[in-house]
Amino acid sequence: MSITDPQGFRAAGYAAGLKASNALDLAVVVNDGPQYVGAAVTTPNRFAAAPVYLTRDVAAGGRVRAVILNSGCANACTGERGRADAARMAELTAQSLEAEPSEVMVCSTGLIGSHLRMDLLATAIPEVCRQASDDGGDAAAQAIMTTDTVDKQAAREGAGGYRIGGMAKGAGMLNPAMATMLSVLTTDAVITPDLAREALAAAVGPTFNRMDSDGCQSTNDTVILLCSGASGVSAEPAEFTENLTALCADLVRQMLADAEGASHTIAVRVRGAASEAAAEAGARAVTSSNLVKAAIFGRDPNWGRILAALGTLDEETCPYDADSVTVAINGTVIFAAGAPSDSTPPDLSGHDVSIDIDLASGAAEATVFTNDLTHDYVEENSAYST
């Protein structure tokens, strides 16, 4: 179950020396065709990292032979030198694969503000490309990890036998749009460039872009889709998009389960909204509340914090009548018709927590995923760079 499950792909992971631990820190995913279709969705952060700009340019061309990814250094906020280093990573990869630099996407993750060790990468990139194989998916997934405790991989099979595979990293700074996350998705279906772009955007919307671990957006977020066409199966657009979305949702669940210090995964579903945008805004108001997240960590069903967070939204953003709102936690209604219910407080001892809010204002709904706020999260992020 990896990015090399679909036909036409090779991958590898390599220890270039970017991490002091000498763990795997460089990965490559190679598309051997016969198609070389690629698409990407990247962070909207205004301080986007150098490799993000390069990847956007490659995505605009629609033809992608490979993705080179490093952990241990974000190459973000690094000026002209950073852009030159990202371009050099693409050049080294292209030379090793007999491709063009304009066909190579670049991803980096790690500490912001540090320069890449290009002396190490000049040797490591040709080597990781040489090692790429159809069983290298596990090593590639491990090489992109930073604070992750486990690698994240998934695969699915579509109608007619085509396959989709994927890997992702991310355990903190998980906030829309995207996260401090990198993800590469592969498929051997025959896909047009337009469908690749449209399906990826549609899949990212309700999955990666509705994952909000800690309210912090990264400079390096990137999700890439590579299409080899090696199965010879022309995927039906709606069915392919549905499968790609399910794969992304699987990776999201894995990231939230591994979120830094988290002990609960929380799904906040708002229904009965006037519009999907209103439903999403309502859900985000709850997932962004540290008071709600701390209460879940303490297994304290303090539902007043949910209403207080929802109440911060103005009527134009999220219309509803406060006396018509219903709130349930893990299926137990705790607030309805403007007053608390007489139900027994919900049990929050399990890992998964659901918060369901009915605004009684329409037919739209949206779900945003988050996790609790714990002592371990504060400890881990209090000394990340030291």
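Residues numbered from 1 in each chain as written. Predicted model: local features only at pLDDT ≥ 70, side-chain atom pairs only at ≥ 80, totals over all residues. Heavy atoms only, no water.

*Asks:* Can you help me understand the packing of aromatic side chains in this one?
*Replies:* The geometry of two aromatic rings is summed up by the distance between their centres and the angle between their planes. The full count for this structure, using the stated rule, is 2 aromatic pairs. Where tyrosine 162 meets phenylalanine 240, the ring centres are 5.9 Å apart and the plane angle is 50 degrees; that geometry is what we call tilted. Taken together, the residues tyrosine 162 in the loop between β6 (152-157) and β7 (163-169) and phenylalanine 240 in helix α6 (residues 237-257) connect sequence positions 78 residues apart. Accessibility classification places tyrosine 162 together with phenylalanine 240 in one group, the buried group. With centroids separated by 5.5 Å and ring planes inclined at 40 degrees, the aromatic side chains of tryptophan 303 and phenylalanine 335 adopt a geometry described as tilted. Of this pair, tryptophan 303 sits in the loop between α8 (290-297) and α9 (304-310) while phenylalanine 335 is found in strand β12 (residues 332-336), placing the two residues 32 residues apart along the sequence. For tryptophan 303, a relative accessible area of 24% corresponds to the partly exposed category. The buried category is assigned to phenylalanine 335, whose relative accessible area is 8%. Across from the ring centre of tyrosine 53, 5.2 Å away, lies the NZ or CZ of arginine 56, which sits over that ring. Over the aromatic face of tyrosine 36 sits the side chain of arginine 65, whose NZ or CZ is 4.9 Å from the ring centroid. (Phe/Tyr/Trp six-rings, centres within 6.5 Å; stacked < 30°, edge-to-face > 60°. Helix = DSSP H or I, 4+ residues; strand = E, 2+ residues; numbered from the N terminus. Buried < 20%, exposed > 50% of the residue type's maximum accessible area, 1.4 Å probe, protein only. Lys NZ or Arg CZ within 6 Å of the ring centre and 35° of its normal.)

*Asks:* Teacher, can you tell me more about the packing of helix α1 (residues 50-61) against helix α2 (residues 79-97) here?
*Replies:* α2 packs onto α1 with a crossing angle of 50 degrees between their chain directions and a minimal axis gap of 8 Å. Here α2 runs oblique to α1, going by the angle between their axes. Our pair here, α1 against α2, has a crossing hand that is right-handed. Across the interface between the two elements, Ala50, Pro51, Tyr53 and Leu54 of α1 pack against Gly82, Arg83, Ala86, Ala87 and Ala90 of α2. Of the residues that constitute the contact of α1 with α2, the class distribution is 7 nonpolar, 1 polar and 1 charged. (Axes fitted to C-alpha atoms, helices over the stretch in contact; angles between N-to-C directions. Parallel < 35°, antiparallel > 145°, perpendicular 65-115°, else oblique. Left-handed = near helix turned anticlockwise from the far one by under 90°. Contact = heavy atoms within 4.5 Å. Nonpolar A, V, L, I, M, F, W, Y, C, P; charged D, E, K, R; others polar.)

*Asks:* Please clarify how the pattern of salt bridges should be interpreted in this entry.
*Replies:* A pair can form between side chains of opposite charge whenever their charged atoms are brought close. As enumerated under the stated definition, the model contains 15 salt bridges in all. Arginine 81 is the partner of aspartate 85 in a salt bridge, and the nearest nitrogen-oxygen pair spans 3.9 Å. You can see aspartate 85 and its partner arginine 81 sitting in helix α2, 4 residues apart, about one turn around the helix. The buried category is assigned to aspartate 85, whose relative accessible area is 10%. A relative accessible area of 45% places arginine 81 in the partly exposed class. (Salt bridge = Lys/Arg side-chain N within 4 Å of Asp/Glu carboxyl O.)

*Asks:* Please clarify how a negative patch on the surface should be interpreted in this entry.
*Replies:* Judged by side-chain charge, Asp314, Glu315, Glu316, Asp321 and Asp323 come together as a negatively charged surface patch. With respect to the element layout, aspartate 314 can be found in the loop between α9 and β11 (326-329). (Patch = residues over 30% accessible without salt bridge, like charges linked within 9 Å, V, L, I, M, F, W, Y side chains within 5 Å. Areas by Shrake-Rupley, 256 points an atom, 1.4 Å probe, with all protein chains shown as cover. Lys, Arg positive; Asp, Glu negative; His and termini not counted. Charge placed at Lys NZ, Arg CZ, Asp CG, Glu CD.)

*Asks:* Before we go on, may I ask you to explain the sheet that holds strand β1 (residues 9-14) in this structure?
*Replies:* Adjacent strands of a sheet pair through backbone hydrogen bonds, lying either parallel or antiparallel. Ordered by their spatial adjacency, 4 strands build an open sheet running β1-β2-β4-β5, and the pairing between neighbours is mixed. Each edge of the open sheet carries a strand with a single partner, namely β1 and β5 (104-109). Mean inter-strand twist for the sheet, computed between neighbouring axes without regard to direction, equals 10 degrees. Inspection of the sheet shows β1 paired to strand β2 (residues 26-31) by 6 bridges, in the antiparallel sense. Of the residues in β2, the one forming a bridge with alanine 12 is valine 28. Of the strands in this sheet, β1, β2, β4 (66-71) and β5 touch α2, which is tilted by about 130 degrees from β5. (Pairing = 2+ DSSP bridges.)

*Asks:* Can you walk me through unusual backbone geometry in this structure?
*Replies:* Leaving glycine aside, a negative phi is the common case for residues, and trans is the common case for peptide bonds. Between glycine 33 and proline 34 the backbone carries a cis peptide bond, its omega angle lying at 20 degrees. Inspection of the secondary structure assignment puts proline 34 in the loop between β2 and β3 (37-42). The phi angle at asparagine 330 is positive, at roughly 50 degrees, despite the residue not being glycine. Along the polypeptide, asparagine 330 turns up in the loop between β11 and β12. Residue classification places asparagine 330 among the partly exposed residues on the basis of a relative accessible area of 30%. Even without a glycine there, the phi angle at alanine 337 is positive, about 55 degrees. Within the element layout of this structure, alanine 337 appears in the loop between β12 and β13 (339-340).

*Asks:* Even after reading the chapter, I still don't get the sheet that holds strand β9 (residues 222-227), so can you show me in this structure?
*Replies:* Strands sit in the order β3-β9-β8-β7-β6 across an open sheet of 5 strands; the sheet is mixed. Every other strand in the sheet has two partners, leaving β3 and β6 as the edge strands with one partner each. For this sheet the average axis-to-axis angle between neighbouring strands, irrespective of direction, equals 10 degrees. Taken together, the 6 bridges between β7 and strand β8 (residues 182-187) define a ladder with antiparallel strand orientation. Pairing of alanine 168 across the sheet is with serine 183, part of β8. Across the sheet, α1 lies against β3 and β9, angled at about 140 degrees from β3, the strand it touches most. Strands β3, β8 and β9 of the sheet are contacted by helix α5 (residues 193-204), whose axis makes an angle of about 30 degrees with β3.

Read these as layout, nothing more, since geometry by itself doesn't imply function.
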